[in-house]
Amino acid sequence: MTKDSEYRLERDSMGSREIPAHVYYGIQTLRAIENFPISGLKPLSTYVDACLLIKKATAKANGELNCISPEIATAIIQAVDEILQGKLRDQFVVDVYQAGAGTSHHMNINEVLANRALEILGDTKGNYQRVSPNDHVNYGQSTNDVIPTAIRIGGLLALEHSLYPALAEAIATLEKKAEEFQDIVKSGRTHNQDAVPVRLGEGFRAWAYILTDHLNRIKKAEEDLTILGIGGSATGTGLNTHPQYRYRVTEILSELIGKPLQPAPNMMAAMQSMSPFVNVSGCLRNLATDCIKISHDLRLMDSGPKTGLKEIQLPPVQPGSSIMPGKYNPVMAEMTSMVCFQVMGYDSAIALASQAGQLELNVMMPLIAYNLIHSIELMGNTLAALTQRGLAGITANRDRCLAYAEGSLSLVTALNTHIGYLNAAAVAKESLETGKSLRQIVLEKQLMSEAELAKVLDLEKMSAMPKS
Ligand SMILES: N[C@@H](CC(=O)O)C(=O)O
């Protein structure tokens with residue numbers, strides 16, 4: 001192969017560069033690759049999809065409105081469809097930490113689409129006179145309105161395909177376990193000390209409620225993502241766009257993702273403010289805090305097998321130790337906590353990035369895009385894995401649960417209304433000191449009759465939830 005056939009020459013406003021002939025990205029992407037060898041992290045697939053869907057909608061609208069030729073619009077749309085179906089996915093190569101606002105990633109998208117559209121038209125890559133990344137693929141657009149729109153669309157896609165199904169499955173599984181464990185009595189614990197008895201199933205039902213509340217909160221926050229600033233172009237004024245363009249693009253995007261979307265009543269606001277992302281991310285942080293609590297509870301309840309609580313058994317999914325034989329660790333719960341810490345870290349960075357916007361633009365959007373979409377997908381994958389390999393296979397140690405409930409010093413609480421708090425406290429103290437049962441001490445001291453005591457110390461009744 002000659003050097004000529006290995007490379008093509010591309011030109012931009014800074015000069016010309018040789019681009020490997022086989023790649024679909026162009027000169028601006030090449031400069032970004034060289035400028036940002038930072039993390040090795042490439043754009044998330046969902047974020048690329050979001051950008052591609054926007055480019056499909058803009059090409060369609062611009063073609064219909066005679067802003068670009070129908071022939072070029074059709075070629076761009078075909079290029080988008082091919083990539084959405086899986087071709088050329090390795091061509092989106094700019095590091096996550098890159099040019100402010102995401103111009104480098106945006107130009108990467110524009111260049112790949114222009115070059116593939118050129119081939120579709122029977123032309124050669126790099127002939128930007130015919131199809132230009134800037135003049136055709138990017139007609140009427142700016143990074144400044146495309147990227148905040150892409151974060152919205154990417155967020156919506158990730159929620160729909162990853163987090164919502166995972167949360168729904170976790171909730172349904174917890175509800176099933178709640179039924180299964182409904183009649184198992186165990187000791188409540190507050191401050192990690194004996195408390196009055198509860199039902200194991202009610203604990204699982206509470207978790208199902210907690211996750212349902214989070215699902216509803218996230219769905220409410222999601223509504224903000226459906227208001228799009230696309231059409232604002234560089235500063236929110238819509239310079240270089242057809243008057244109908246932003247309405248039509250929003251309509252087409254809405255059809256493409258199957259969800260109602262609205263053009264922003266104020267495009268500047270929609271482009272400048274990152275608050276919809278802070279809001280969704282805040283909901284994810286909130287979800288993460290409860291998922292940490294639940295995974296820590298699971299680890300505590302599963303602790304043992306000989307020296308811990310072992311009220312429940314999480315399914316053993318792999319050998320736990322490289323040195324200690326026969327050990328099975330609660331690995332799914334451990335993993336869950338770590339992911340949640342990461343999501344909380346992402347949320348802190350999103351808040352910092354969000355307040356760093358200046359005047360007409362927030363240039364920290366690449367970080368927000370990555371952190372937000374990754375958080376949603378991390379939480380979705382984690383909840384799915386925890387549910388399928390953890391929650392669904394939990395078994396209960398009924399006898400252990402009951403033994404703890406029967407031995408709990410806090411059973412004396414039920415005696416308060418019969419013998420008074422101070423007498424009950426004295427009974428508890430003596431029980432702890434002498435090892436005698438609460439029952440024995442109450443009877444010895446003739447504080448209550450045997451029949452009365454049996455009625456009051458009925459664990460089933462004590463642990464039942466009031467009927468609503
Ligand atoms: N982010 C660029 C605009 C663009 O890439 O469209 C700027 O404001 O300088």
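Residues numbered from 1 in each chain as written. Predicted model: local features only at pLDDT ≥ 70, side-chain atom pairs only at ≥ 80, totals over all residues. Heavy atoms only, no water.

A. Layout of the site of the ligand. Around the ligand sit A101, T103, S142, T143, N144 and L361, and that is every residue in its neighbourhood. Here S142 contributes a side-chain N or O atom positioned 2.7 Å from an oxygen atom of the ligand. In this structure, N144 approaches the ligand through a side-chain N or O atom, which is 2.8 Å from a nitrogen atom. In isolation the ligand has 270 Å² of accessible area, and contact with the protein removes 57% of it. (Near = heavy atom within 4 Å. Polar contact = N/O pair within 3.5 Å; in protein donor to acceptor, adjacent residues only side chain to side chain. Areas by Shrake-Rupley, 256 points an atom, 1.4 Å probe, with all protein chains shown as cover.)

B. Region of the structure containing the pairing of strand β2 (residues 15-20). Bridge count between strand β1 (residues 7-12) and β2: six bridges; the pairing is antiparallel. Note that in β2 the partner of Y7 across the bridge is P20. Hairpin remark: β1 followed by β2, antiparallel, with two residues in the connecting loop. (Pairing = 2+ DSSP bridges. Helix = DSSP H or I, 4+ residues; strand = E, 2+ residues; numbered from the N terminus.)

C. Quick look at the environment of D297. Of note, D297 is situated in helix α11 (residues 275-301). Counting along the chain gives 36 residues from D297 to A333, while the straight-line C-alpha distance between them is 9.2 Å. There is a polar contact of 2.4 Å between the side chain of D297 and the side chain of K293.

D. A look at the UniProt feature "domain: Fumarate lyase N-terminal" (unreviewed entry) in the protein chain. Mapped onto this numbering, the UniProt entry gives "domain: Fumarate lyase N-terminal" (unreviewed entry) at residues 16-345. Along residues 16-345, the helical share is 57% and the strand share 7%, with 41 Å between the first and last C-alpha atoms. (UniProt positions renumbered as here; feature names shortened; annotations may be inferred.)

E. Molecular detail of the nonpolar core. I153 and L163 are the most contacted members of the largest nonpolar core, which totals 118 residues. Broken down by element, the residue count for this core peaks at 17 residues, all from helix α7 (residues 143-180). Not counting residues within four places of it along the chain, the set of residues in contact with L163 comprises A158, I218, L284, L287, I376, M379, G380 and L383. Counting 18 residues, the second largest nonpolar core, distinct from the first, contains A414, L438, I441 and V456. (Core = buried A, V, L, I, M, F, W, Y, C linked by side-chain atoms within 4.5 Å. Buried < 20%, exposed > 50% of the residue type's maximum accessible area, 1.4 Å probe, protein only. Contact = heavy atoms within 4.5 Å.)

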